[in-house]
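Structural description and commentary
The residues making up each chain are set out below.
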Amino acid sequence: YLLSNVIHGWLGVPLTHDAVRLKTILLWSLSSLLCYMTLRRLHVEWFVAFFFSCMFHFHMDKLALEPGHPQEWILLLSVLCLWFCSGSWPYKWGASAFCVSLIGMMKLNCGLIVAIPLTIQATVTAFHDCKQRYAAWQVIGIGTITSLCIAIWPLGTGSSLPELAWGMVGQHRRFTSEFLKAIPWN
């Protein structure tokens, strides 16, 4: 909701069926463009990068089935994290950790899936490159601070700690008891 508020609240885009679908197409296309830019940054030939970013784009067509779902933000932030990691910017690890924290606060399991390899890569990089010796600390520190700030915000606006825990973890634990349907075997 925090990220979508930028589009719908700050920019004034109405919260309508068409606007949400257009937002999905925009985030989907931005993700494909970032895929191309990441491949080019990794010195992949432009036509190969274009081909694979098109393949990436067409593979993500499932986003159109659920417009407004957090997966569109998760996709964009994941590709943005890869773009940061492939660059030479000195704060790339912190920027990547910021993206991963946003992912984790949307869907905890997706955040862990991206955070684990990012932390491992930052740790390995810190051991092998003395110029980036604080890479792992950037990932852990900025990731933790960002996650805490995002968690504190709803607490400051009236939500309780149990409600926050229920929203992030509890409701997902009941999925199998609520939605699992037994196959009728005779």
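Residues numbered from 1 in each chain as written. Predicted model: local features only at pLDDT ≥ 70, side-chain atom pairs only at ≥ 80, totals over all residues. Heavy atoms only, no water.

**Observations concerning the overall build of the protein chain**
Cut-off, in case you're wondering: Helix and strand assignments follow DSSP, with helices taken as H or I runs no shorter than four residues and strands as E runs no shorter than two, numbered in order from the N terminus. When a residue's accessible area, from a 1.4 Å probe over protein chains only, is under 20% of the maximum for its type it is buried; when over 50% it is exposed; and in between it is partly exposed. What makes two residues a contact is simply this: any of their non-hydrogen atoms within 4.5 Å. Per-residue and other accessible areas follow the Shrake-Rupley method at a 1.4 Å probe size, with only the shown protein chains counted as cover for residues. The charge count includes Lys and Arg as positive and Asp and Glu as negative, but it does not include His or the ends of the chains. A charge is said to be at NZ when it belongs to Lys, at CZ for Arg, at CG for Asp and at CD for Glu.
Check the secondary structure of the protein chain and you find 9 helices and 0 strands. With the principal axes as the frame, the protein chain shows a C-alpha extent of 55 × 50 × 40 Å. When the 186 residues of the protein chain are sorted by exposure, 31% land in the buried category. Residue pairs at least 24 apart in sequence account for 58% of intrachain contacts in the protein chain once pairs closer than 6 positions are excluded. Surface accessibility of the protein chain: about 12,600 Å² in total, with carbon and sulfur atoms responsible for 71%. For the protein chain, the distance from the average position of its 12 positive side-chain charges to the average position of its 8 negative side-chain charges is 7 Å.

**What to know about the nonpolar core**
Our working definition: Joining through side-chain atoms within 4.5 Å is the link that ties buried Ala, Val, Leu, Ile, Met, Phe, Trp, Tyr and Cys residues into a set, and such a set is a nonpolar core.
One finds Leu77, Cys81, Trp93, Cys99, Leu118, Ala122 and Val139 to be the most contacted residues of the largest nonpolar core, which totals 17 residues. The residues touching Leu118, leaving out its near neighbours within four places in the chain, are Cys81, Cys85, Trp93, Ser96, Ala97, Val100 and Val139.

**Considering the packing of helix 6 (residues 108-128) against helix 7 (residues 135-156)**
Heads up, the condition is: A fitted line through C-alpha atoms represents every axis, and for helices the fit uses only the stretch in contact; the resulting angles, taken between N-to-C directions, go from 0 to 180 degrees. Roughly parallel refers to an angle under 35 degrees, roughly antiparallel to one over 145, roughly perpendicular to one between 65 and 115, and oblique to any angle outside these ranges. Polar here means any residue outside two lists: the nonpolar Ala, Val, Leu, Ile, Met, Phe, Trp, Tyr, Cys and Pro, and the charged Asp, Glu, Lys and Arg; Gly therefore counts as polar.
Orientation of helix 6 relative to helix 7, taken along the N-to-C sense of each, is 150°, at an axis distance of 7 Å. With respect to their mutual orientation, helix 6 and helix 7 come out roughly antiparallel. Every residue of helix 7 that contacts helix 6 at Leu118, Thr119, Ala122, Thr123 and Ala126 is listed here: Ala135, Ala136, Val139 and Ile140. Class assignment for the residues of the contact of helix 6 with helix 7 results in 7 nonpolar, 2 polar and no charged.

**Regarding the packing of aromatic side chains**
Rule in force here: Pairs were defined over the aromatic rings of Phe, Tyr and Trp, the Trp ring being its six-membered one, requiring ring centres within 6.5 Å. Orientation was assigned from the angle between planes: stacked under 30 degrees, edge-to-face over 60, tilted for the rest.
With the rule as written, the count across this model stands at 5 aromatic pairs. With centroids separated by 5.9 Å and ring planes inclined at 80°, the aromatic side chains of Trp89 and Tyr91 adopt a geometry described as edge-to-face. Among the residues examined, Trp89 registers a relative accessible area of 46% and is labelled partly exposed. Relative accessible area serves as the criterion here: at 52%, Tyr91 is assigned to the exposed category. Site record: aromatic cluster; members linked through ring pairs are Trp83, Phe84, Trp89 and Tyr91.

**Brief notes about helix 2 (residues 17-41)**
Each α-helix turn comprises 3.6 residues. Residues three or four places apart therefore point the same way. Note the following rule: Given the number of residues in a helix, its expected span is that number minus one, multiplied by 1.5 Å.
Taking 1.5 Å as the rise per residue, helix 2 with 25 residues should run 36 Å; its terminal C-alpha atoms sit 36 Å apart, in good agreement. If you check which residues of helix 2 are buried, you get Ala19, Val20, Lys23, Thr24, Leu27, Trp28, Ser31, Ser32, Leu34, Cys35 and Thr38. Packed against the buried residues of helix 2 are helix 1 (2-10), helix 3 (46-59) and helix 4 (71-85). One or two steps after helix 2, the chain reaches His43, where phi turns positive at roughly 65°.

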